[in-house]
Amino acid sequence: MPRQNSLSALLLKWSTFIAVLTVMLGLTIMAGWALGIPFLTKLNIFWVSMKMNTALCFILAGFALLFLQARVRVGSQTMYVNLPVSLSVLFGLIAFITLCEYWFKINLGIDQFLLNTREMENDTLYPGRMAPNTATCFIFLSLGFILADSKTKVAVFFSQFTLLLVCFVSLIALVGYFYGIFQFYGMTGYASMAFHTALLFFILSLGCLAAFPGRGVTRFINYDYQTAAIGLNLFFLVMFIPILVGWIWLLGHRSGVYDIELGVALMVVFNLFLLGAISWRQIDKLGLVTLKLRTAEEALRAANTNLELKVLARTELLKKNEESLRQSESKFKSVVQTATDAIICADESGKVIFWNLAAEKIFGYTEKEMWLEPLTKIIPEKFRKQHL
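Residues numbered from 1 in each chain as written. Predicted model: local features only at pLDDT ≥ 70, side-chain atom pairs only at ≥ 80, totals over all residues. Heavy atoms only, no water.

Draft legend 1. Summary view of the overall build of the chain. Counting secondary structure elements, the chain contains 12 helices and two strands. Looking at the 388 residues of the chain, the share that counts as buried comes to 34%. Taking contacts inside the chain between residues at least 6 apart in sequence as the whole, the part at least 24 apart equals 60%. Taken as a whole, the chain presents about 23,500 Å² of accessible surface, with 68% of it coming from carbon and sulfur. (Helix = DSSP H or I, 4+ residues; strand = E, 2+ residues; numbered from the N terminus. Buried < 20%, exposed > 50% of the residue type's maximum accessible area, 1.4 Å probe, protein only. Contact = heavy atoms within 4.5 Å. Areas by Shrake-Rupley, 256 points an atom, 1.4 Å probe, with all protein chains shown as cover.)

Dropping the structure here:
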């Protein structure tokens, strides 16, 4: 259990780091537009720039994730109750208005609301307007944030589904940038999703999923620590290694090192080798975990058997002691009851707790009559004051 708790704490720390990173990058992009530094807005002269509204939405989303974590930690009776929802609704509304501008071919003025970028984007049809796929991702991200802390299974499922959808779309956009495939991150005639926009969507959706460890796609931490760690490593390795191998193959092919047939064959061989090695390594780790569990079970079983034997031996000893005590009591009673002298026992308060047969004959009271009676009952009246 402590290791499960440490894994949950690790996921929460990563979620907090992602939220802070998102806010900082959003502020950096806005500073790049305000100061006229193109490198901060597009990273590469051949790539698409992140729009001002997009940066603003990411700042709102980062704060929404931070307040969402605060609400989970401190409970629902604080000021953090409505802040995550309000911020999520706000950046979702900005994205929805942007889509409406595309659908109805109108300009509602939100593209240049924060800063007039027409002079810096004179080659763009809609200066300052985020791409349609970017706006769509923000809408799904907003829905995922709003429903993230819900108690019903349907709402949690829908929240996780929308967040995973954003993660999938952004991953496709990142692959498009790595492979140089425009259709993966943009549409002809419209603005395209920037590289750092796709990257922030990817990590932000994962950050929201990590904010609720043990639920939905993060329920793997409820398993034993080793299994959870192995599964997490395997997931990321299997996800990113094929992308890396494909990118290396594409570089070689474009450089003319080999033709398509040889390149595909090399890629398949490398994928088989790497994924096979990774699978074998993870299976070996799982085998070690299983062996440790089996050894622990056998040790526990042996300890239980040893404990049962000790309990049986102790029980036998107690039975013998009880029998010995019973025999001793029997001998004591036989000796006391056959004695010719009166033998009387009293407790600390002076009440009779033992009265033998000789005492019955001498004082004329039976044991039943004297039970818990004061000892002064058989003491002459003139001597009673000395015993009070």
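Now, onward.
Draft legend 2. Geometry of the pattern of salt bridges. Following the criterion strictly, the structure yields two salt bridges and no others. Here Arg129 ties to Glu101 by a salt bridge, and the two come within 3.3 Å at their closest N and O atoms. One end of the pair, Arg129, is in the loop between α4 (83–104) and α5 (132–147); the other, Glu101, is in helix α4, with 28 residues separating them in the sequence. Judged by its relative accessible area of 2%, Arg129 falls in the buried class. The exposure class assigned to Glu101 is buried, which follows from its relative accessible area of 1%. Between Glu323 and Arg326 there is a salt bridge whose closest N-O contact spans 2.5 Å. Of this pair, Glu323 and Arg326 are both found in helix α9 (residues 260–337), three residues apart, which corresponds to roughly one turn of the helix. (Salt bridge = Lys/Arg side-chain N within 4 Å of Asp/Glu carboxyl O.)

Draft legend 3. The environment of Pro242, seen in detail. The topology assignment puts Pro242 in helix α8 (residues 225–254). As for Pro242 and Val268, which are separated by 26 residues in sequence, their C-alpha atoms are 9.5 Å apart. If we ignore the near neighbours within four places in the chain, the residues touching Pro242 are Tyr179, Leu237 and Asn271.

Draft legend 4. Spatial organisation of a nonpolar patch on the surface. On the surface, a nonpolar cluster with roughly 650 Å² of combined accessible area is contributed by Leu93, Phe96, Trp103, Phe104, Ile106 and Leu108. One can find Leu108 in the loop between α4 and α5. (Patch = residues over 30% accessible without salt bridge, like charges linked within 9 Å, V, L, I, M, F, W, Y side chains within 5 Å.)

Draft legend 5. Just the packing of α5 against helix α6 (residues 153–179), in detail. Orientation of α5 relative to α6, taken along the N-to-C sense of each, is 150°, at an axis distance of 8 Å. Looking at the two axes, α5 sits roughly antiparallel to α6. Crossing of α5 against α6: the hand is left-handed. Contacts between α5 and α6 involve Cys137, Phe140, Leu141, Leu143, Gly144, Phe145 and Leu147 from the former and Ala155, Phe158, Ser159, Thr162, Leu163, Leu165, Val166 and Val169 from the latter. (Axes fitted to C-alpha atoms, helices over the stretch in contact; angles between N-to-C directions. Parallel < 35°, antiparallel > 145°, perpendicular 65-115°, else oblique. Left-handed = near helix turned anticlockwise from the far one by under 90°.)

Draft legend 6. Geometry of the packing of aromatic side chains. If you walk through the whole model with that rule in mind, you get 13 aromatic pairs. Taking 6.1 Å as the distance between ring centres and 90° as the angle between the ring planes, the aromatic pair formed by Phe91 and Phe145 counts as edge-to-face. One end of the pair, Phe91, is in helix α4; the other, Phe145, is in helix α5, with 54 residues separating them in the sequence. According to the relative accessible area criterion, Phe145 is buried, its value standing at 2%. Ring centres of Tyr177 and Phe195 lie 5.6 Å apart, and the angle between their planes is 85°; this geometry places the pair in the edge-to-face category. Note that Tyr177 is positioned in helix α6 and Phe195 in helix α7 (residues 195–210), a separation of 18 residues in sequence. On the basis of relative accessibility, which here comes to 8%, the residue Tyr177 falls in the buried class. (Phe/Tyr/Trp six-rings, centres within 6.5 Å; stacked < 30°, edge-to-face > 60°.)

Draft legend 7. Representation of the side chain of Ser88 in the model. Its place among the elements puts Ser88 in helix α4. Given a relative accessible area of 1%, Ser88 falls into the buried group. Beyond its immediate sequence surroundings of up to four residues, Ser88 is in contact with Ala64, Ser142, Phe145 and Ile146.

Draft legend 8. Quick look at the packing of α6 against α7. Relative orientation of the contacting elements α6 and α7 amounts to 150°, with a least axis distance of 8 Å. Comparing the axis directions of α6 and α7 gives the class roughly antiparallel. The handedness of the crossing between α6 and α7 comes out as left-handed. Counting all contacts with α6, which are made through Gln160, Leu163, Leu164, Val166, Cys167, Ser170, Leu171, Ala173, Leu174 and Tyr177, the residues of α7 involved are Phe195, Ala198, Leu199, Phe201, Phe202, Ser205, Leu206, Cys208 and Leu209. Residue classes in the contact of α6 with α7 are distributed as 16 nonpolar, three polar and no charged. (Nonpolar A, V, L, I, M, F, W, Y, C, P; charged D, E, K, R; others polar.)

Draft legend 9. Layout of unusual backbone geometry. In this structure, Lys105 is a non-glycine residue whose phi angle is positive, near 55°. Locating Lys105 in the fold gives a position in the loop between α4 and α5. For Lys105, a relative accessible area of 66% gives the class exposed. Non-glycine residue Leu372 carries a positive phi angle of around 65°. Along the chain, the position of Leu372 falls in the loop between α11 (367–370) and α12 (381–384).

Draft legend 10. Representation of the side chain of Asn53 within the structure. Its location among the elements puts Asn53 in helix α3 (residues 52–74). A polar contact is formed between the side chain of Asn53 and the backbone oxygen of Ile110, at a distance of 2.8 Å. Excluding anything up to four places from it in sequence, Asn53 contacts Ile110, Asp111, Leu114, Gly128 and Met130. (Polar contact = N/O pair within 3.5 Å; in protein donor to acceptor, adjacent residues only side chain to side chain.)

Draft legend 11. Representation of the nonpolar core within the structure. Phe91, Phe138, Leu141, Phe145, Phe201 and Leu204 are the most contacted members of the largest nonpolar core, which totals 53 residues. Of all the elements in the fold, those that place two or more residues in this core are α1 (2–35), α3, α4, α5, α6, α7 and α8. With five residues, the next largest nonpolar core counts Val352, Trp355, Ala359 and Met370 among its residues. (Core = buried A, V, L, I, M, F, W, Y, C linked by side-chain atoms within 4.5 Å.)

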